[in-house]
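# Analysis of the macromolecular model
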Amino acid sequence: MEMTTYSAKAVKHPHQGSFLTQWELSVITRIVECLIPRSPYNPGATDVGVPAFIDHLLANDTGSPRRRALRDLYHRCLALLDQVSVDLSGQGILDLDADQLRALISRWETGDLPVDDEDLRQKLADFFQVVRLHTIQGFLSHPRHGGNIDCQGWTFLYGKDGRAWLAWLRQR
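This write-up is about the structure you can find in this document. The numbering scheme is per chain: residues are counted from 1 as the chain's sequence reads. Totals for whole chains, interfaces and linings use every residue, but because this is a predicted model, local features are given only for residues with pLDDT of at least 70 and side-chain atom pairs only at 80 or more, for both listing and counting. Water and hydrogen atoms were dropped before computing side-chain values, which therefore reflect all heavy atoms in the structure.

### A short note on the nonpolar core
With 36 residues, the main nonpolar core has Ile31, Ile54, Tyr74, Trp108, Leu113, Leu124 and Phe127 as its most contacted residues. The way it works is that DSSP assigns letters per residue, a run of H or I at least four long becomes a helix, a run of E at least two long becomes a strand, and they are numbered from the N terminus. The element contributing the most residues to this core is helix H3 (residues 65-89), with eight residues. Residues are treated as being in contact if the distance between any of their heavy atoms lies within 4.5 Å. Non-local contacts of isoleucine 54, meaning those with residues more than four positions away in its chain, are made with Leu20, Ile28, Val32, Tyr74, His134 and Thr135. By nonpolar core is meant a set of buried Ala, Val, Leu, Ile, Met, Phe, Trp, Tyr and Cys residues that side-chain atoms within 4.5 Å join together. Three labels apply to residues, based on accessible area from a 1.4 Å probe with only protein chains included: buried if under 20% of the type maximum, exposed if over 50%, partly exposed otherwise in between.

Here it is in structure tokens:
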């Protein structure tokens, strides 16, 4: 069985934001790749299109108050997280090296960010949970939703060609 090697593979599916600005999309791309990183034998979040999945999810404006709140959460919290990064390291998220980014995300996950306002700290904590959920959903979603490109997430999960799983789904 021939193994695909991902470590030298460039992101092959660049995405222009439908809802997220280019800066926000770049920040999300760095974050999700840190949450599900590429390894020599497994795709990372960007390989399977997680940033595009998140952008498509947000672009699909249903007009519901929950969707508007989710969209606002992404806009506000990405900017706030970048400001926290500047406060901690003197650099925005896009300028952090991989170790600095992992350290920031670790602090974000544990709620250990230097934010004085308790409401903002809670909003950032909630945002981490949302981003993690959307990252997993994008990695394993049906490809028609913009993530799991070429069924790579399913192939990673099931250890065989994920398109076989898609064929099985179509029979149901």
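### Thoughts on the environment of alanine 125
Along the chain, the position of alanine 125 falls in helix H5 (residues 118-140). Relative accessible area serves as the criterion here: at 26%, alanine 125 is assigned to the partly exposed category. The spatial distance from the C-alpha of alanine 125 to the C-alpha of cysteine 77 is 9.8 Å, given a sequence separation of 48 residues.

### Focus on the packing of helix H4 (residues 98-110) against H5
Angle between the axes and distance between the axes are the two parameters that describe a pair of packed helices. Fitted lines through C-alpha atoms give the axes, limited to the stretch in contact for helices. The angle between two N-to-C directions lies from 0 to 180 degrees. Between H4 and H5, whose axes approach to 8 Å, the crossing angle comes to 110°. Here H5 runs roughly perpendicular to H4, going by the angle between their axes. As for how H4 packs across H5, the hand of that crossing is left-handed. Residues Ile105, Trp108 and Glu109 of H4 touch H5, and the partners they reach there are Leu124, Phe127, Phe128, Val131 and Arg132. Looking at the contact of H4 with H5 residue by residue, the classes come out as six nonpolar, no polar and two charged. In these notes the angle categories are as follows: under 35 degrees is roughly parallel, over 145 is roughly antiparallel, 65 to 115 is roughly perpendicular, and the rest is oblique. If you view the pair so one helix is near and one far, a crossing is left-handed when the near helix is turned anticlockwise from the far one by less than a right angle, and right-handed when it is turned clockwise. Amino acid classes used here: Ala, Val, Leu, Ile, Met, Phe, Trp, Tyr, Cys and Pro are nonpolar; Asp, Glu, Lys and Arg are charged; the rest, including Gly, are polar.

### Details of the side chain of glutamate 33
On the secondary structure map, glutamate 33 appears in helix H1 (residues 22-35). Asp and Glu count as negative and Lys and Arg as positive, but His and the ends of the chain are not part of the count. In what follows, salt bridge is the name for a side-chain nitrogen of Lys or Arg lying within 4 Å of a carboxyl oxygen of Asp or Glu. Salt bridges are absent for the buried glutamate 33, whose nearest opposite-charge side chain, arginine 38, sits at 4.7 Å. Polar contact criterion, stated in full: a pair of N or O atoms within 3.5 Å, where within protein one must be able to donate a hydrogen and the other to accept it, and residues adjacent in sequence count only if both atoms are side-chain atoms. In this structure the side chain of glutamate 33 is engaged in a polar contact, spanning 2.8 Å, whose partner is the backbone nitrogen of arginine 38. Polar side-chain contacts of glutamate 33 include one of 3.3 Å to the backbone nitrogen of alanine 45.

Without other data, these values stay purely geometric and don't point to any function.
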